[in-house]
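Examination of the molecular architecture
The lines below spell out each chain.
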Amino acid sequence: MITLGIHHRTHFRYREPVSLGPHRLMLRPRESRDLRLIASEVTVTPAAAVTWAHDIQGNAVATASFQAMADHLTIDSRADVALNAAAWPVFDIAASAIFFPFRYSDDEWTDLGALARPQYPDPDGRLQAWARAFVAAQPTDTLALLKDLSAGIPGWISYQSREDEGTQSPIQTLDRGWGSCRDFAVLFVEAVRVLGFGARIVSGYLYNPDQSLLGSSGAGSTHAWAEVFVPGAGWITFDPTNRGVGGVNLIPVAVARDIRQVMPVVGGFFGSSDAFLDMSVDVRVTSRPPAV
């Protein structure tokens, strides 16, 4: 087990005072059997009324509402977590799902719903053909197939950090041959969906103390990866950016059907069209002494 401190600061500057609209914040780490939340605090400047709720996926979502006009906005999130994910996890996959293709139960298929349906158009079947090229035989080992596909993405696609907003479609990523961690995650999720798996996007933080992992220029950063539902084992974590399986070094914040649903900070303002000056984001993930 390792105890980590996360500091995530987002700062907006405006040329003149503007009216700030409500901002949706997804910054609170998502607790699980592998992660225990020790402390979490979100501070907003200028002063805002902050309310909390859980969305349809069980993510903690804060809404910040403002009264006064301002020429800046700072959202400062601090959290301490205890991470207990295994470096080499073993998955107890149900006998019915050890080999691909397999069939989800009726209840599983109903509950997975949109998480098992591709979200991006593939009119020429290019993504499907690309994904099926990883199927060595029928039947084939399910976990090996998923690992091969996750590891295969950085074999096809070059990692490139992007600061601009938005995410490439899977076809764009295949065409361009490069992408960021969120592009890798979207491509992987869509590829396993066309094969018939239920999958979801995960956003959160990457702990990278020795800077050996892609997706971080320092000891920590925001990151995107994926989870695939396999009967018996449940949700299995895959980080295609780093060919990783399991949640070691990953601190999840939110899960969703689509990447746009898990952006850390979403909001707007009312003012002149040229009022926005810039935005800066600083993320630090550091080790802490074990919690007593």
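Everything below is about the structure printed above this text.
Below is a summary of the structure that appears in this document. Computed from a prediction, not measured in an experiment: that's the story for all the values here.

Cut-offs applied
- Residues numbered from 1 in each chain as written.
- Predicted model: local features only at pLDDT ≥ 70, side-chain atom pairs only at ≥ 80, totals over all residues.
- Heavy atoms only, no water.
- Helix = DSSP H or I, 4+ residues; strand = E, 2+ residues; numbered from the N terminus.
- Rg over C-alpha atoms; globule rule 2.2 N^0.38 Å.
- Buried < 20%, exposed > 50% of the residue type's maximum accessible area, 1.4 Å probe, protein only.
- Areas by Shrake-Rupley, 256 points an atom, 1.4 Å probe, with all protein chains shown as cover.
- Lys, Arg positive; Asp, Glu negative; His and termini not counted.
- Charge placed at Lys NZ, Arg CZ, Asp CG, Glu CD.
- 1 Å grid on protein atoms, 1.4 Å probe; cavity = no way out; pocket = protein on both sides within 12 Å on 5 of 7 lines; lining within 4 Å.
- Points joined across faces, edges and corners; volume = space filled by probe spheres on them.
- Nonpolar A, V, L, I, M, F, W, Y, C, P; charged D, E, K, R; others polar.
- Salt bridge = Lys/Arg side-chain N within 4 Å of Asp/Glu carboxyl O.
- Patch = residues over 30% accessible without salt bridge, like charges linked within 9 Å, V, L, I, M, F, W, Y side chains within 5 Å.
- Polar contact = N/O pair within 3.5 Å; in protein donor to acceptor, adjacent residues only side chain to side chain.
- Contact = heavy atoms within 4.5 Å.

Turning next to the overall build of the protein. Counting its secondary structure elements, the protein contains five helices and 18 strands. Taking 19 Å as the expected radius of gyration for a compact globule of 292 residues, we find that the protein reaches 20 Å, a close match to that expectation. Over its C-alpha atoms, taken along the principal directions, the protein stretches across nearly 60 × 50 × 40 Å. Across the 292 residues of the protein, 48% fall into the buried class. Carbon and sulfur atoms provide 51% of the accessible area of the protein, an area that totals close to 14,300 Å². Averaging the coordinates of the 24 positive side-chain charges in the protein and doing the same for the 30 negative ones gives two points 1 Å apart.

Further remarks concern empty space enclosed by the protein. A full pass over the atoms with the stated rule returns one cavity of 30 Å³ or more. Estimates place the volume of the largest cavity at around 40 Å³. Taken together, Y120, V186, V189, E190, R193, I201, R257, D258 and I259 form the lining of the largest cavity. Among the elements that line the lining of the largest cavity, the one with the most residues is helix α5 (residues 181-194), at four residues. For the lining of the largest cavity, the per-class residue count stands at five nonpolar, no polar and four charged.

Scanning all chains against the criterion turns up eight salt bridges. R200 is the salt-bridge partner of E227, the closest N and O atoms lying 2.7 Å from each other. Of this pair, E227 sits in strand β12 (residues 220-230) while R200 sits in strand β11 (residues 198-207); the two residues are 27 residues apart in sequence, bridging distant segments of the chain. Note on accessibility: E227 and R200 belong to one class, buried. A salt bridge links D282 to R284, with the shortest nitrogen-to-oxygen separation between them at 3.2 Å. A residue is classified by how much of its surface remains accessible, and D282, at 31% relative accessible area, is partly exposed. Classification of R284 as exposed rests on a relative accessible area of 51%.

On to a nonpolar patch on the surface, then. A cluster of nonpolar side chains, F276, M279 and V281, forms an exposed patch at the surface whose accessible area comes to about 260 Å². Within the fold, V281 resides in strand β18 (residues 276-288).

Another point: unusual backbone geometry. Trans is the prevailing form of peptide bonds, just as negative phi is the prevailing case for residues other than glycine. The linkage connecting F100 with the following residue, P101, adopts the cis geometry, with an omega of 5°. Note that P101 resides in the loop between β7 (99-100) and α1 (106-112). Omega for the peptide link from Q138 to P139 comes to 5°, which places this bond in the cis form. With respect to the helices and strands, the residue P139 is situated in the loop between α2 (126-132) and β8 (140-141). Not every positive phi belongs to a glycine, and R243 is a case in point at roughly 55°. With respect to the helices, strands and loops of the structure, R243 is situated in the loop between β13 (234-239) and β14 (244-245). For R243, a relative accessible area of 49% gives the class partly exposed. Not every positive phi belongs to a glycine, and N249 is a case in point at roughly 70°. Tracing the backbone through its elements, the reader meets N249 in the loop between β14 and β15 (250-256).

Let's shift gears to the side chain of D258. Topologically, D258 is positioned in the loop between β15 and β16 (265-266). Given a relative accessible area of 8%, D258 falls into the buried group. Reaching out from D258, the side chain makes a polar contact with the backbone nitrogen of R260 at a distance of 3.1 Å. Setting aside its immediate chain neighbours within four residues, D258 contacts Q119, Y120 and I201.

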